[in-house]
Amino acid sequence: MSDTPKPRLLIIYTGGTIGMIENPDTHALQPFDFSHLIDNVPKIKMLDYDIDNIQFNPIDSSDMGPAGWAEIAEAIADNYDRYDGFVVLHGTDTMAYTASALSFMLGNLHKPVIITGSQLPIGEVRTDGEENLITALQIAAATTFDGSPMVQEVAILFENYLWRGNRSTKMSADNFNAFKSNNYPQLAKIGLGIHFAEEALWRPKEKQPLSVSTKMDHGVMFVDLHPGMTQATLRHQLNTPGIKGIVLRTYGAGNAPTSGWFIEEIAQAIARGMVIVNVTQCVNGGVHHRRYVAGDKLANAGVISGHDMTSEAAITKLMYLFGLGLTSSAVATRINTALCGEVTLS
Ligand code: ASP
């Protein structure tokens, strides 16, 4: 018998399709409890791990938000020393937001937090939930040659890939391979085996104690450009009460209309103390403010480049930075800093 202790893993169940069952009257899927989920994965007993679980009131992830993120982060922090890794079961719809938020909230993380779910409920014959759950547990238990955790960050496991959480986006409402990180390589490819791309994995610079910060500021929003947007619409959005930070979703390499009124509205909002971060509407690539006049004007007005950040990472990063109580200028500076692998600063 080996004297290596069994990996200790904690499953945190928050809801999502993976644990849902059909409402007998409406036939719509609705969240259900964890015992139903786990009863459908008898193979879990074949894993030589010590597995415990925490169940939240299960929800569709459309209802997930800062309060739920704080609950997950606190559950991880409270159990951090007792477990080698954490698997969070979560709906796919807002999974990339949760993964991004947790990556900021869990400072100095050096254990795996693997988020997964499924496209088909665990009770269905062709479910992807069983495989996703088993693989997520195996990834959470994986170690390097010296016994340290292979994954030391928040990651999303879905079907054939492991992705960095704060680089991920839900790409498909139908495919089993539902997630992708369009500007960062996969952390692992899952086939017959689990093949980690070790050079892509996040490694904390020094091992410091976990520092959890669960306060997220709700005063943020997206402004999504479209051709024909009027001055009244833009002004209305930029003047939304209580908003301090905006993720401006622009065209191509970070371009926006060059009309005087457009730039003037943006410049006035920034003069009022608003932090405006530019991310591209394109699924791949990032913002290059100086490539076109249409981007240059935004930069000159004080808009900050979000480089190649996802929309999900940009909005949760703003919530996190304002949640720390920082001033607008401090937030603007920190947006341009890579906190946990969420952005490539060139
Ligand atoms: N609506 C579900 C959710 O996000 C979708 C899923 O889990 O796949 O909770």
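Residues numbered from 1 in each chain as written. Predicted model: local features only at pLDDT ≥ 70, side-chain atom pairs only at ≥ 80, totals over all residues. Heavy atoms only, no water.

1. Quick word on the packing of helix H2 (residues 66-78) against helix H3 (residues 95-105)
Packing of H2 against H3 leaves a shortest axis separation of 10 Å and a crossing angle of 55 degrees. Overall, the two elements H2 and H3 adopt an arrangement that is oblique. Regarding H2 and H3, the two cross each other, and that crossing is right-handed. Counting all contacts with H2, which are made through Pro66, Trp69, Ala70, Ile72 and Ala73, the residues of H3 involved are Tyr97, Thr98, Ala101, Leu102 and Met105. The residue makeup of the contact of H2 with H3, split by class, is nine nonpolar, one polar and no charged. (Axes fitted to C-alpha atoms, helices over the stretch in contact; angles between N-to-C directions. Helix = DSSP H or I, 4+ residues; strand = E, 2+ residues; numbered from the N terminus. Parallel < 35°, antiparallel > 145°, perpendicular 65-115°, else oblique. Left-handed = near helix turned anticlockwise from the far one by under 90°. Contact = heavy atoms within 4.5 Å. Nonpolar A, V, L, I, M, F, W, Y, C, P; charged D, E, K, R; others polar.)

2. Some details on the pairing of strand S17 (residues 275-280)
When a strand is regular, its side chains alternate between the sheet's two faces. Buried residues dominate S17, accounting for six of its six residues. Burial along S17 is two-sided: the face carrying Val275, Val277 and Val279 and the face carrying Ile276, Asn278 and Thr280 are both buried. Here strand S16 (residues 245-250) runs beside S17; their pairing, made up of six bridges, is parallel. Residue pairing in the sheet places Ile246 in a bridge with Ile276 of S17. (Buried < 20%, exposed > 50% of the residue type's maximum accessible area, 1.4 Å probe, protein only. Pairing = 2+ DSSP bridges.)

3. Let's talk about the pairing of strand S15 (residues 220-224)
When S15 meets S16, the two strands line up parallel, connected through five bridges. When the bridges of S16 are listed, Asp224 appears paired with Arg249. For the handedness criterion, the β-α-β arrangement of S15, helix H5 (residues 231-238) and S16 is classed as right-handed. (Right-handed = clockwise from strand over helix to strand, strands pointing away.)

4. Here's the deal with H5
Of the positions making up H5, those classed as buried are Leu234, Gln237 and Leu238. Down the axis of H5, the buried set is contained in an arc of 95 degrees. They therefore lie on one face. Residues of H5 that are exposed and point more than 90 degrees away from the buried face comprise Ala232 and His236. For H5, the secondary structure elements touched by its buried residues are S15, S16, helix H6 (260-271) and S17. (Arc of directions from axis to C-beta.)

5. Some words on the environment of Val343
Here Val343 is to be found in the segment after helix H9 (328-335). Classification of Val343 by relative accessible area gives buried; the value is 6%. As a C-alpha pair, Val343 and Tyr184 span 159 residues in sequence and 9.1 Å in three-dimensional space. Dropping the residues within four chain positions of it, Val343 is found in contact with Arg167, Gly306, His307, Asp308, Met309, Lys317, Thr337 and Ala338.

6. With respect to helix H4 (residues 129-141)
The terminal C-alpha atoms of H4 lie 18 Å apart, and with 13 residues this matches the ideal 18 Å at 1.5 Å per residue to within 8%. Most of H4 is tucked away, with ten of its 13 residues classed as buried. (Expected span 1.5 Å × (residues − 1).)

7. A look at the packing of aromatic side chains
If you walk through the whole model with that rule in mind, you get seven aromatic pairs. Taking 5.8 Å as the distance between ring centres and 65 degrees as the angle between the ring planes, the aromatic pair formed by Trp261 and Phe262 counts as edge-to-face. For Trp261, a relative accessible area of 28% puts it in the partly exposed group. Judged by its relative accessible area of 1%, Phe262 is buried. Here a set of aromatic residues connected by ring pairs shows up, and it is made of Tyr80, Tyr83 and Phe86. Over the aromatic face of Tyr80 sits the side chain of Lys111, whose NZ or CZ is 4.9 Å from the ring centroid. (Phe/Tyr/Trp six-rings, centres within 6.5 Å; stacked < 30°, edge-to-face > 60°. Lys NZ or Arg CZ within 6 Å of the ring centre and 35° of its normal.)

8. Examining the site of the ligand
Around the ligand, the structure places Gly16, Thr17, Met20, Asp60, Ser61, Gly91, Thr92, Asp93, Ser118 and Gln119. In the environment of the ligand, a nitrogen atom lies 2.9 Å from a nitrogen or oxygen atom belonging to the side chain of Asp60. Here an oxygen atom of the ligand sits 2.5 Å away from a polar atom, N or O, in the side chain of Ser61. Taken by itself the ligand offers 260 Å² of open surface, and the protein chains cover 91% of this. When the residues that make up the shell around the ligand are grouped by side-chain class, the tally is one nonpolar, seven polar and two charged. (Near = heavy atom within 4 Å. Polar contact = N/O pair within 3.5 Å; in protein donor to acceptor, adjacent residues only side chain to side chain. Areas by Shrake-Rupley, 256 points an atom, 1.4 Å probe, with all protein chains shown as cover.)

9. So, the sheet that holds S15
What the four strands build is an open sheet, ordered S15-S16-S17-S18; its pairing is parallel. Strand pairing shows two members of the sheet lacking a second neighbour, S15 and strand S18 (304-305), which therefore form its edges. Along the sheet, helix H8 (residues 311-323) makes contact with S15, S16 and S17, crossing S16 at roughly 165 degrees. Along the sheet, H9 makes contact with S17 and S18, crossing S17 at roughly 25 degrees.

10. Comments concerning the sheet that holds strand S5 (residues 85-89)
The sheet built from eight strands is open, its strands ordered S4-S1-S5-S7-S8-S9-S12-S13 with mixed pairing. At either margin of the open sheet sits one strand with a lone partner, and together these are strand S4 (50-59) and strand S13 (194-196). For this sheet, the mean inter-axis angle between neighbouring strands, taken without regard to orientation, is 20 degrees. Pairing between strand S1 (residues 8-15) and S5: five bridges, direction parallel. Bridging from a neighbouring strand, Ile12 pairs with Val88 of S5. In the packing of H3 onto the sheet, the strands contacted are strand S7 (113-116) and strand S8 (154-158), and the crossing angle to S8 comes to about 155 degrees. Strand contacts of H4: S1, S4, S5, S7, S8, strand S9 (161-164), strand S12 (188-190) and S13, with the helix running at about 155 degrees to S5, the strand carrying the most contacts.

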